[in-house]
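What follows is the residue order along each chain.
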Amino acid sequence: MDAASALPAVAASLAGATGAYMLYSKRRGLDRDASGGTGASFDGQLAAGVNMLANKDSVLRRDQVAGSMGAYADLFEGKTGKHSGNGLEGDGAVTTQASIDKRREGYRTMVNNFYDLVTDFYEYGWCQSFHFAPRYKGETFLESIKRAEYYLCSRLNMKPGVKALDVGCGVGGPMRNMAVFSGATIEGITINEYQVKVGNKYCEQQGLKATAHLTRGDFQNLPGFQADEKHKLWEGIDYRGQDWTARFDVAYEIEATCHSPDKVRCFSEVARCLKKGGLFAGYEWVVLPERGYDAKNARHVAIKEGIEIGNGLPTLATPADVVAALEAAGFEVLEHGDANANAHAPTEIPWYDTLDGKMSLSGFRMTRLGRACTHAMVSSLEFLRVAPKGTSHVSAMLNATAIDLVEGGKDEIFTPSYFFLARKK
Ligand SMILES: C[S@@+](CC[C@H](N)C(=O)[O-])C[C@H]1O[C@@H](n2cnc3c(N)ncnc32)[C@H](O)[C@@H]1O
């Protein structure tokens, strides 16, 4: 029996094995959800999970998953799959200069491997926008995600005729929402080939081919960059002679430049691609010394490292680092601050609540129980050889980092939404 014909049988056996959770699952077809599907209902849970693991668009061969995950784990001192509550010690092993340098050096392989491994999990469990957002009571999860994106549109004055650059665009969820909302034309760049492949497919399926497009590239070396000893085009990237110098009116990044090995270089490349006076806005992942993050506190360090390990990050910056990098890259910083500063006000639902969440019909896959069910499903599918070897290691890593994200959010020592607005001088 081949994997595809085994799926219904596997689905049936797992439906029994995972009890009440699976009773809600209803097979709805195995095509990818191009609608910007939320991953936020019980409906089609198992079918979507099986689809995720038997994905025909994947650029990573089945026999490469375990090796890719192993190479990734090596960059983090083999600590993947642990969190601050289950044995990840705040010993700073991932924060030593040698460890950070190793990831800075290998950033392209690290990020590319990471997104080869997790993109389907993200889309399955979250939605096509791979970011967090501040959320008011009464707002649904998806409303809050879109509001964070529309906020950038409004601060960047995006409207028809405006050309925008999306720096680190994922599968293009934000880009499509923002193109529809604002009427601007958006070009996104991501280092991951698989994201470009499925992202452009979604743009086409949603009738947005003319206004939203993804290019494979490195935001440290955007099209038209000056190649030298240090800055070279990476394997698999071909800009076909394009030069983006001064091509864009505005640029934004949503939780992407936290992956940069050198923010000054990245922001300088963004500045080069903007017209003079062009605005650049974003949401950065940072630790917050001003709210009590203490680099000498072992628990804080364990949380920070847990976040880095589970998210493909060289090392987390501070707000001061981000502002300094923007200034060094030739921007005037007009505004900056934590969009989650009021996360614990009685009027808000904390940004991490979806990961911590109580049992609810919406957003089930993101909750602890939902993740545990997904992990059980993934492990069973790996055991049955439907899912490639190594998939459950990825799932364990994502579960571990979710716990550290929640802890960092509860203690207010970390935010994924440090907003900035800057102007190219
Ligand atoms: C957390 S995801 C956010 C994606 C998107 N902004 C969103 O909100 O859906 C980070 C993105 O940054 C991209 N990225 C990381 N390092 C990159 C690099 N050096 N060059 C281009 N893209 C990069 C990843 O491939 C991924 O698409």
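Rules used throughout
Residues numbered from 1 in each chain as written. Predicted model: local features only at pLDDT ≥ 70, side-chain atom pairs only at ≥ 80, totals over all residues. Core = buried A, V, L, I, M, F, W, Y, C linked by C-beta atoms within 7 Å. Buried ≥ 20, exposed ≤ 12 C-beta atoms within 10 Å, placed from the backbone. Helix = DSSP H or I, 4+ residues; strand = E, 2+ residues; numbered from the N terminus. Contact = placed C-beta atoms within 7 Å. Near = placed C-beta within 6 Å. Nonpolar A, V, L, I, M, F, W, Y, C, P; charged D, E, K, R; others polar. Pairing = 2+ DSSP bridges. Axes fitted to C-alpha atoms, helices over the stretch in contact; angles between N-to-C directions. Expected span 1.5 Å × (residues − 1).

A. Expanded view of the nonpolar core. Ranked by internal contacts, the top residues of the largest apolar core, which has 108 residues, are L156, A164, A251, Y252, V270 and F280. The greatest single-element share of this core, amounting to ten residues, is contributed by helix α6 (residues 107-125). Y252 has contacts with L152, L156, A164, D166, V167, F280, A281 and G282, leaving out every residue within four places of it along the chain. Within the second largest apolar cluster, six residues are counted, among which are M377, V378, L381 and V386.

B. Representation of the site of the ligand in the model. Around the ligand sit 22 residues in total, of which F130, G168, G170, A256 and H259 are the nearest. Put simply, the parts of the chain that give the shell around the ligand at least two residues each are α6, α8 (173-182) and β3 (185-190). Partitioned by chemical class, the residues of the shell around the ligand number ten nonpolar, ten polar and two charged.

C. The arrangement of the pairing of strand β5 (residues 248-254) in detail. The element β5 is extensively covered by neighbouring structure, given that seven of its seven residues are classed as buried. Two elements, strand β2 (residues 163-167) and β5, share three bridges in a ladder whose sense is parallel. Directly across from L165, in β5, lies its bridge partner A251. Relative to strand β6 (residues 274-287), β5 runs parallel, the two sharing six bridges.

D. Representation of unusual backbone geometry. Its identity is not glycine, yet N157 carries a phi of approximately 55°, on the positive side. Tracing the backbone shows N157 in the loop between α7 (141-155) and β2. For N157, a count of 12 C-beta atoms within 10 Å translates into the label exposed. Look at A246: it is not a glycine, yet its phi comes out positive at around 55°.

E. Region of the structure containing the sheet that holds β6. In space, the seven strands of this open sheet follow the order β4-β3-β2-β5-β6-β9-β7, with mixed pairing throughout. The open sheet has two free edges, formed respectively by β4 (212-216) and β7 (331-338), since each of these has just one partner strand. Pairwise comparison of adjacent strand axes, ignoring direction, gives a mean angle of 20° for this sheet. Pairing analysis gives seven bridges linking β7 to strand β9 (residues 414-424), with the strands arranged antiparallel. Of the residues in β9, the one forming a bridge with F331 is K424. Against the sheet, helix α12 (residues 319-328) contacts β6, β7 and β9, and its axis sits at roughly 165° relative to β7.

F. Seen up close, helix α14 (residues 368-383). Relative to the 22 Å expected for 16 residues at 1.5 Å per residue, α14 spans 22 Å between its end C-alpha atoms, a close match to the ideal helical length. Every buried residue of α14 is listed here: G370, R371, C373, T374, M377, V378, L381 and E382.

G. Main features of the environment of S99. On the secondary structure map, S99 appears in helix α5 (residues 97-105). Sequence-wise, S99 and L75 are 24 residues apart; in three dimensions their C-alpha atoms are separated by 7.3 Å. S99 has contacts with E77, A93 and V94, leaving out every residue within four places of it along the chain.

H. Layout of the environment of Y107. Residue position: Y107 is located in helix α6. A count of 22 C-beta atoms within 10 Å places Y107 in the buried class. A sequence separation of 153 residues divides Y107 from S260, and the C-alpha atoms of the two residues are 7.6 Å apart. Not counting chain neighbours up to four residues away, the residues in contact with Y107 comprise H259, P261 and P314.

I. Quick peek at the environment of N399. By secondary structure assignment, the location of N399 is in helix α15 (residues 391-410). A count of 18 C-beta atoms within 10 Å places N399 in the partly exposed class. It is 8.0 Å that separates the C-alpha atoms of N399 and A372, two residues lying 27 residues apart in sequence. The residues contacting N399, other than those within four sequence positions of it, are R371 and H375.

J. Seen up close, α15. Taking 1.5 Å per residue, 20 residues should reach 28 Å; α15 reaches 29 Å between its end C-alpha atoms and fits that length. Among the 20 residues in α15, 17 count as buried, and that is most of the element. Taken from the residues just after α15, E412 is the one with a positive phi, measuring 55°.

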